[in-house]
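Overview (structure and organization)
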Amino acid sequence: FFPLKQMKKDIKSSLSITLAEDDTINLISGLISLVIFITSILLVALLMGVGQLWYAKILLAGMGLVLPYYLATLFLDLYRYHIGRSIPKLIDEFRSSFIRYNKLRPALKECSLYIDKGLGRIIARAADSTFIEQSLDTLKQKLDNVWFNIFVVLLLNFKENGGELIDQLYGLNRTMTRYNNVEKKKNTRLIWYEVFSVGASVFSIPAIFLVNSMILGSDQGVLIDARTNILISQVIGFSVLSLIIIRILRRM
C-alpha cells in the first residue's frame, strides 16, 4: 500500500548506485521499508503515553511515524556522501592505472582495489559488465556527482574518439582540488548539523519527561501537566522545523 510503496521507491533509488542486481535491490529495499513501518508503529505506541493533551498526542504520533523514515534516509545520504568523498581518490588511482594499461577495463579493475571498499565494489561491477559504457553511464546518472559525471564523460569520449585522456584527467584533478576544499567543509558542517538535530529530536523528549518526573514526583503528574505538554510540543515543532531546513540546505 501507499506508504510502504513510496518508501520502497525512495530507498530503491538510493541503493541503485551499488549497481547490484534488481532482484537484490528490490528485496533489500522492501525489507528496509517493512522494518521502518514496524518501527514507526511501535514508536507511536510508545510515545503516545508521554503526552496527555490532544495536541501533544498528535505531534508525538507524527514524530513517531516520520522519524524512522527520516533516519533511514539520513543513513542512505551519509552512504552516498561517503561514496562521493572517495571520488577524487578514484580519479587519481585510475590515472595511475591507465598509464600502466592504456585501457579502460583493466585500469578500472585495478584502481577499484586501492580505493574505498564501497565505491571499489561499485566500480568493479561496472568494469565486469559486458557493456562497460552503459554501466558507467547508468552509474553517472545514479550517483549524480559533478566530478564523477565529468570523469565518466571523459572516459566515454576516449572510448569513442580516442585522444589524450591523461592530460584531461590531470586538468580535472587540478580543478577538482580547488573546489573540493570549500565544498567538503560546507557539506561536512551541514551533515553534522543534521546529525545533531536528529539527536536532539530523539533525546530531548525523554529528557523532558525524566526531569519533570523528578520534579512532579510521578509519571502520572507529567502526563496531565499542561506546561510539560506544551514544552514537549514546542520541542517537537522546533525539531521538525530545524530538520526540514537543514535537509533542504544540504540538498541544494
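Conventions used here
- Residues take numbers from 1 onward in each chain, read along the sequence in its written order.
- Reporting of local features is limited, given that this is a predicted model, to residues whose pLDDT is at least 70; pairs of side-chain atoms are given and counted only at 80 or more, and all residues count toward the totals for whole chains, interfaces and linings.
- Computation of side-chain values covers all heavy atoms of the structure but excludes hydrogens and water.
- We define the nonpolar core as a collection of buried residues of types Ala, Val, Leu, Ile, Met, Phe, Trp, Tyr and Cys that are connected through side-chain atoms lying within 4.5 Å of one another.
- Using a 1.4 Å probe on the protein chains alone, a residue whose accessible area is under 20% of its type maximum counts as buried, one over 50% counts as exposed, and one in between counts as partly exposed.
- In this text, helices come from DSSP runs of H or I with a minimum length of four residues, and strands from runs of E with a minimum of two, each type numbered from the N-terminal end.
- Only the six-membered ring of Trp is used, alongside the rings of Phe and Tyr, when aromatic pairs are assigned; centres must lie within 6.5 Å, and planes under 30 degrees apart are stacked while those over 60 apart are edge-to-face, with the rest tilted.
- Cation placement over rings: the criterion is NZ of Lys or CZ of Arg within 6 Å of the ring centroid and within 35° of the ring normal.

**A look at the nonpolar core**
Phe94, Leu108, Phe148, Phe151 and Leu165 are the most contacted members of the largest nonpolar core, which has 33 residues in total. Counting only elements with at least two residues in this core, the list comes to helix H4 (87-101), helix H5 (104-111), helix H6 (117-128), helix H7 (132-143), helix H8 (146-161) and helix H9 (165-216). Sort the elements by how many residues they give to this core and H8 lands first, with seven residues. Listed in part, the eight residues of the second largest apolar core include Met7, Ile11, Ile36 and Ala72.

**Re the packing of aromatic side chains**
Evaluated as defined, the whole model comprises four aromatic pairs. Centre to centre, the rings of Phe94 and Phe151 are 5.3 Å apart; their planes meet at 80°, and the pair counts as edge-to-face. With Phe94 in helix H4 and Phe151 in helix H8, this residue pair connects regions lying 57 residues apart in the sequence. Accessibility assignment for this pair places Phe94 and Phe151 in one class, buried. Taking the centre distance of 5.2 Å and the plane angle of 85° together, the rings of Phe98 and Phe158 count as edge-to-face. On the criterion of sequence distance, the pair formed by Phe98 in helix H4 and Phe158 in helix H8 is long-range, its members being 60 residues apart. On the basis of relative accessible area, Phe98 is assigned to the buried category, the value being 3%. For the cation-ring pair, Arg95 lies above Tyr170, with the distance from its terminal atom to the ring centre recorded as 4.3 Å.

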